[in-house]
Amino acid sequence: MLDSLFQLLFSAIWFILPAYVANAVPVVFGGGSPIDGNRKFVDGRPIFGQGKTIRGFIIGLVAGSIVGLLQGVVLNQLYTYFLRGLLLTLGALLGDLLGSFIKRRLNISRGDMAPILDQLGFVVFALLLTGPLVLPGWDVVLAILVVTPPIHLAANFMSYKLGLKSRPY
Ligand code: CTP
Ligand code: MG
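Presented here is an overview of the structure given in this document. (Residues numbered from 1 in each chain as written. Chains lettered and ligands numbered in written order. Predicted model: local features only at pLDDT ≥ 70, side-chain atom pairs only at ≥ 80, totals over all residues. Heavy atoms only, no water.)

### Considerations on the environment of P136
Along the polypeptide, P136 turns up in the loop between α4 (117–130) and α5 (138–161). Distance in space between the C-alpha atoms of P136 and D43 is 39 Å, their sequence separation being 93 residues. Residues within four places of P136 in sequence aside, it is in contact with F15 and V141. (Helix = DSSP H or I, 4+ residues; strand = E, 2+ residues; numbered from the N terminus. Contact = heavy atoms within 4.5 Å.)

Here it is as structure tokens:
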């Protein structure tokens, strides 16, 4: 019982890993010019806000894709895993952008918390984008949705303690 639970947890994290890396790396290496060029939407608020930068997006894209590539090397299925990693990565980054777009429309300032959206938006989008190519079993999808919020919160808290983030969430 405990054995298969660990197996499920491992499968979930193994599958979604490129998305996690794509989401985490910009916190460390991001910054600089914002993707929206500081432009405002029709409501007068930022399109995405200054937390979504070009450098963060590109570095996230490269790092997440490399993780997919490495998974492919490990399993000797380079092309399949690279493509999967690329889609998961793109999905995570676009989902994160969409999350910020939604937050700005709801008048939630850059860096303020949007519960659920902040912790789950990027993986849901990553799964949606990867879905047409490959979807893991429903148990793995469910496990991803259950473990991601606590992992995301713990990683952010650690980044805050390490001085990488100004907010603990
Ligand atoms: N980051 C970045 N480029 C991205 C995504 C993230 O540079 N495409 C960096 C920014 O420094 C950002 C940090 O990672 O502040 C944390 O990311 P996130 O929590 O997604 O952004 P927030 O600053 O909280 O902004 P928002 O309210 O829009 O989510
Ligand atoms: Mg945030």
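### Digging into the site of ligand 1
In the neighbourhood of ligand 1, 17 residues make up the surrounding shell, with T53, S100, R104, R110 and G111 lying closest. One nitrogen or oxygen atom from the side chain of K52 is found 2.8 Å from an oxygen atom belonging to ligand 1. In the environment of ligand 1, an oxygen atom lies 2.7 Å from a nitrogen or oxygen atom belonging to the backbone of G111. Its free accessible area being 570 Å², ligand 1 has 85% of it covered by the protein chains. Listed by contribution, the elements that provide at least two residues to the shell around ligand 1 are α1 (2–29), α2 (54–75) and α3 (78–105). When residues in the shell around ligand 1 are grouped by element, the largest group, four residues, is from α3. Classifying every residue of the shell around ligand 1 gives four nonpolar, eight polar and five charged. (Near = heavy atom within 4 Å. Polar contact = N/O pair within 3.5 Å; in protein donor to acceptor, adjacent residues only side chain to side chain. Areas by Shrake-Rupley, 256 points an atom, 1.4 Å probe, with all protein chains shown as cover. Nonpolar A, V, L, I, M, F, W, Y, C, P; charged D, E, K, R; others polar.)

None of this, on its own, says anything about what the molecule does.
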